[in-house]
Amino acid sequence: MADPRFSILSADFAVDPYRYFAGLRERSRVHHEPAIDSYFLSRHQDVKRVLTDHEGFTTRPLQVRAEPVMRGPVLARMTGAEHTAKRGIVVRGFTGSALEAQVRAVRANAAELVAPFLPRGRLDLVNDFGKPFAVRVTLDVLGLDKRDHRQVRAWLGGVGEFVTSLDLTPKAAATAWTAPSSWRPTSSPSSSGGAAGPAPT
C-alpha cells in the first residue's frame, strides 16, 4: 500500500529521488499525483508499454508546451510511421560516411571536456560531461562557434524545463519563449570551419 502522504512534487523527492524508486516499484507502480492529476510509472515494463503502445497511449499532451516553443511538431511527440520517417532523416546524418566525418570533432570535444577532471579522478557524467558534450558537438555539426555553447546550453535547459517541468516557474517559461529571438551568433556558419548538417535529437 502506497503512503498517501508521499508526493513526487515534494522537496525531499527533488533533492534525492533515487531513494524512493524501489518503494515506488514495490508499492505504487502507477503513482497518482492529485495536485496535477498526473500518473507516474516506476517499472521498466510499464514504461516500455506506454512508449510502444500507440493505440492505448498518446503523446498529444506534449504538443501543448512543445510545439509553441519549437515553432511546430517535434520528433518526441510523433509516433508510428511519422516518427520512423522523420527519425530516419535525422539518423542518416549520423551514420556511415556522414558519421565518419564527425568522429574527429566528437573525439576532440570529449577529450577537451574530460581533461580538467583527470587530476580529480571523478566527474558528474551528466552535468560535467553529457550535457556540454551534446551541445558542443551539435554546434560543430552545424558549423557554429563553440564559444556560444554556454548560452545555447542555457536556452536548451530553459526549453527543456518549459516542456517537461512538473512545476513550471515564470522565469523558465520566459526563458523558453524569448531566448531564440534574442540571440546573435558569435560567427557565421561559414567562418567556423564546421560541417553543416542536422542537429542530433
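As the structure is a computational prediction, the values presented were derived from the model and not from experiment.

### A word on the confidence of the model for the chain
1) Next: When pLDDT is averaged along the chain, the result is 78; 81% of the residues meet or exceed 70.
2) Next: Mean pLDDT per element in the chain: helix H10 (residues 170–182) is the minimum at 57, and helix H3 (residues 44–52) is the maximum at 91.
3) Next: Long-range and interchain partners of residues 188–201, a stretch whose pLDDT sits below 50, account for 31 contacts in this model, where long-range means more than four residues apart.

### A short note on the packing of aromatic side chains
Pairs of aromatic rings are described using the distance from one ring centre to the other and the angle between the two planes.
1) Next: Summed over the entire model, instances satisfying the criterion amount to six aromatic pairs.
2) Next: Here the aromatic rings of Tyr18 and Phe21 are separated by 5.7 Å at their centres, their planes lie at 80°, and the arrangement is edge-to-face. With a gap of three residues between them, Tyr18 and Phe21 both fall in helix H2 (residues 18–27), about one helical turn apart.
3) Next: Note on Tyr18: relative accessible area 63%, which makes it exposed.
4) Next: Ring centres of Phe129 and Phe133 lie 5.0 Å apart, and the angle between their planes is 15°; this geometry places the pair in the stacked category. Of this pair, Phe129 and Phe133 both sit in helix H8 (residues 125–142), four residues apart, which is roughly one turn of the helix.
5) Next: Taken together through their ring pairs, the aromatic side chains of Phe6, Phe13, Tyr18, Tyr20 and Phe21 make up a single cluster.

### What to know about the pattern of salt bridges
1) Next: With the rule as written, the count across this model stands at eight salt bridges.
2) Next: We note a salt bridge from Arg147 to Asp145, for which the minimum N-O separation is 2.8 Å.

### A few points about the packing of helix H4 (residues 60–70) against helix H9 (residues 149–164)
1) Next: The N-to-C vectors of H4 and H9 enclose an angle of 150°; their axes lie 8 Å apart at closest approach. Relative to H9, the element H4 is oriented roughly antiparallel. Between H4 and H9, the residues in contact are Leu62, Arg65, Ala66, Val69 and Met70 and Val159, Glu161, Phe162, Val163 and Thr164, respectively.
2) Next: When its residues are assigned to classes, the contact of H4 with H9 shows seven nonpolar, one polar and two charged.

### A word on the environment of Tyr39
1) Next: Structurally, Tyr39 is set in strand S2 (residues 38–41).
2) Next: What makes Tyr39 exposed here is its relative accessible area of 56%.
3) Next: Those residues in contact with Tyr39 that sit more than four places away from it in its chain are Val30, His31 and His32.

### Details of the pairing of strand S1 (residues 30–33)
1) Next: Judged by which residues are buried, S1 turns out to be one-sided: His31 and Glu33 face inward and are buried, whereas Val30 and His32, on the alternate face, are not.
2) Next: Here S1 pairs with S2 via four bridges, running antiparallel. Opposite Val30, over in S2, you have Leu41 as the bridge partner.
3) Next: The antiparallel pairing of S1 with S2 creates a hairpin that spans four residues between the two strands, and Asp37 there sits at a positive phi of about 45°.

### A closer look at the nonpolar core
1) Next: Core analysis: the biggest nonpolar cluster contains six residues, these being Ala66, Val69, Val74, Val159, Phe162 and Val163.
2) Next: Breaking this core down by element, the ones donating at least two residues are H4 and H9.
3) Next: For this core, the element with the most residues is H9, which contributes three residues.

### Quick notes on the packing of H8 against H9
1) Next: Two elements in contact, H8 and H9, have axes whose closest approach is 10 Å; the angle formed by their N-to-C orientations is 110°. In terms of orientation, H8 and H9 fall into the roughly perpendicular class. Where H8 approaches H9, its residues Asn127, Lys131, Pro132, Val135, Arg136 and Leu139 are matched on the opposing element by His149, Val152, Arg153 and Leu156.
2) Next: Looking at side-chain class alone, the contact of H8 with H9 contains five nonpolar, two polar and three charged residues.

Each value, and the rule that gives it
- Residues numbered from 1 in each chain as written.
- Predicted model: local features only at pLDDT ≥ 70, side-chain atom pairs only at ≥ 80, totals over all residues.
- Heavy atoms only, no water.
- pLDDT = per-residue confidence, 0-100.
- Helix = DSSP H or I, 4+ residues; strand = E, 2+ residues; numbered from the N terminus.
- Contact = heavy atoms within 4.5 Å.
- Phe/Tyr/Trp six-rings, centres within 6.5 Å; stacked < 30°, edge-to-face > 60°.
- Buried < 20%, exposed > 50% of the residue type's maximum accessible area, 1.4 Å probe, protein only.
- Salt bridge = Lys/Arg side-chain N within 4 Å of Asp/Glu carboxyl O.
- Axes fitted to C-alpha atoms, helices over the stretch in contact; angles between N-to-C directions.
- Parallel < 35°, antiparallel > 145°, perpendicular 65-115°, else oblique.
- Nonpolar A, V, L, I, M, F, W, Y, C, P; charged D, E, K, R; others polar.
- Pairing = 2+ DSSP bridges.
- Core = buried A, V, L, I, M, F, W, Y, C linked by side-chain atoms within 4.5 Å.

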